[in-house]
Amino acid sequence: MLLRKVITTAALAAVLPTLGLAEQGVTETDVTFAQVAALDGPAAALGQGMQLGLQAAFAEANAAGGVHGRTLILDSMDDSYEPDRSVTLVKKVIADNQHIGLIGAVGTPTASATQPIATEAGLPFIGPFTGAGFLRDASHGNILNVRATYAAETEAWIAHLVDEQNMKSIALLYQDDGFGRVGLSGVTAALEKRGMTLVAEGTYTRNTTAVKKALLTIRKAKPDAVVMVGAYKPVAEFIKLSRKLKFNPTFVNISFVGSDALAKELGDAGEGVIISQVVPFPWDQSIPVVAQYQAALKTVNADAAPGFVTLEGYLTGRLAIRALEDAGADLTRESYLAAMVGLRDVDFGGVSMTFGPDDNQGMDDVFLTHITKDGGFEPVVSGGES
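Residues numbered from 1 in each chain as written. Predicted model: local features only at pLDDT ≥ 70, side-chain atom pairs only at ≥ 80, totals over all residues. Heavy atoms only, no water.

Examining the UniProt feature "domain: Leucine-binding protein" (unreviewed entry) in the chain
The criterion, for reference: UniProt positions are given in the numbering used here, feature names are shortened, and annotations may be inferred rather than shown by experiment. Working definition: helices are DSSP H or I runs of at least four residues, strands are E runs of at least two. Numbering for both runs from the N terminus.
UniProt tags residues 31–375 as "domain: Leucine-binding protein" (unreviewed entry). Each end of residues 31–375 is marked by a C-alpha atom, and these two atoms are 39 Å apart; helix forms 44% of the span and strand 17%.

Things to note about the nonpolar core
Rules: To qualify as a nonpolar core, a set must consist of buried Ala, Val, Leu, Ile, Met, Phe, Trp, Tyr and Cys residues joined through side-chain atoms within 4.5 Å. Under the scheme applied here, a residue whose accessible area is under 20% of the maximum for its type counts as buried, over 50% as exposed, and between as partly exposed, the area being computed with a 1.4 Å probe on protein chains only. As annotated, the domain borders come from an automatic or database domain assignment. We call two residues in contact when some of their heavy atoms are within 4.5 Å.
Ranked by size, the top nonpolar core spans 113 residues in total, and within it Phe33, Ile170, Phe256, Leu315 and Tyr336 carry the most contacts. In terms of residue count, helix H11 (residues 308–327) provides more of this core than any other element does, eleven residues in total. Shared between two domains, this core takes at least three residues from each, and those domains are domain 1 (30–148 + 284–355) and domain 2 (150–277 + 368–379). With residues up to four places along the chain from it excluded, the contact list for Tyr336 reads Phe33, Ile100, Pro124, Ile126, Ala320, Ala323, Leu324, Ala327 and Leu331.

Some details on the pattern of salt bridges
So the rule is basically this: Salt bridges are identified by distance alone: a Lys or Arg side-chain nitrogen within 4 Å of an Asp or Glu carboxyl oxygen.
Counted by the stated rule, this structure contains twelve salt bridges. Arg206 is paired through a salt bridge with Glu82; the nearest N and O atoms lie 3.5 Å apart. Linking Arg206 in the loop between strand S8 (200–204) and helix H7 (212–220) with Glu82 in the loop between strand S3 (71–78) and helix H3 (83–96), this pair joins segments that are 124 residues apart in sequence. For Glu82, a relative accessible area of 29% gives the class partly exposed. Note that Asp96 is salt-bridged to Lys92, the shortest N-O span being 2.6 Å.

A word on helix H10 (residues 288–300)
Where we set the bar: Take the number of residues in a helix, subtract one, and multiply by 1.5 Å to get its expected span.
Compared with the 18 Å implied by 1.5 Å per residue over 13 residues, the 19 Å span of H10 between its first and last C-alpha is a close match. Burial in H10 covers these residues: Val289, Val290, Tyr293, Gln294, Ala296 and Leu297. On the buried face of H10, the contacting elements are helix H2 (44–63) and H11.

Topic: the sheet that holds strand S9 (residues 225–229)
Rules: For two strands to be treated as a pair, DSSP must find no fewer than two bridges joining them. Each axis is a line fitted through C-alpha atoms, and for a helix only the stretch in contact is used; angles between axes span 0 to 180 degrees, taken between their N-to-C directions.
Within the open sheet, the seven strands sit side by side as S8-S7-S9-S10-S11-S14-S15. Their pairing is mixed. Edge positions in the sheet fall to S8 and strand S15 (377–379), since each of these pairs with one other strand and no more. Neighbouring strand axes in the sheet, compared pairwise and without regard to direction, differ in orientation by 25° on average. Judged from the two bridges that link them, strand S10 (residues 250–253) and strand S11 (residues 274–277) form a sheet pairing that is parallel. Bridge pairing in S11 links Asn253 to Ile275. Packed on one face of the sheet, helix H6 (residues 178–192) meets strand S7 (170–175), S8 and S9 and runs near 160° to S7.

Dropping the structure here:
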């Protein structure tokens with residue numbers, strides 16, 4: 001399905017009359033954001049998770065009267081994690097001029113294709129689910145990032161595996177596109193700092209699960225660990241095939257993989273698989289904003305379980321809302337962009353984001369988790385103990 005429209009609060013019939021008048025996504029009663037992301041296909045859980053988290057944040061704000069009296073609306077459009085499709089949808093968003101900005105995009109290859117278009121059009125680009133470095137250039141003036149970079153995640157992997165676990169041989173599986181190559185660069189740099197190189201590498205094609213050739217190549221090198229830069233379905237296929245072949249190195253995954261989706265795909269094969277995270281533990285209610293997130297999530301979907309992706313979506317929504325608050329009641333896209341650029345220290349209650357004139361990334365934290373026997377998650381602490 002090409003377009004999936006999500007109205008976060010008011011009934012569809014009540015909202016539709018305002019949409020035609022919503023130049024730049026703003027009316028007297030509403031403000032509308034566009035999400036262009038994978039809602040179907042092998043990366044669907046990521047787009048859907050970001051969507052649900054955004055819905056939770058918007059619904060929470062709407063229940064409290066909206067922002068300066070305006071109801072927040074989210075229109076979610078499926079790009080299937082394909083850059084060409086993403087470009088088509090973003091160009092339509094720009095041409096239709098009925099959204100204040102883009103929010104919750106998913107993936108490096110899609111962001112690489114669409115961010116320049118959005119920047120040229122002066123369209124806000126908020127909270128993309130990717131740690132790609134090119135999005136950290138604050139001079140663009142229209143990008144707000146929530147999460148740490150992939151370079152920070154890959155450094156955390158190698159610090160754990162080599163510095164703490166004293167592993168001598170590391171192999172890499174990565175998606176053969178811009179996303180995977182960013183991961184390759186990060187892993188290579190982290191190893192070079194330690195006088196090491198990859199013992200093997202294998203690739204697969206985006207939106208496929210064709211990983212067997214890569215597995216056979218990597219298995220020959222007998223690495224201590226295989227670090228992985230990919231989406232959950234091909235990564236799960238790689239690990240499950242490895243287990244069947246009695247090939248059991250330490251497996252380490254990047255946050256983009258989607259922890260909950262990966263654990264579900266792996267089932268019994270998931271125990272011990274490590275995943276780096278860039279948001280707090282979604283089950284830790286001692287963190288005020290996490291408790292708020294859990295409550296908001298239940299109002300949108302009573303059956304939804306907390307997870308890392310939905311929490312990131314929620315924090316992205318909260319960040320977008322904070323900029324709306326700062327923009328004031330006389331809202332335009334121009335005033336919203338100015339508010340985004342003007343953000344500095346933001347405290348959501350146990351989660352802080354810091355921005356500056358040359359810093360458009362809110363959080364820098366990276367921590368490691370591993371999948372437990374029952375499919376849950378536990379932190380990996382220094383020395384590798386849980």
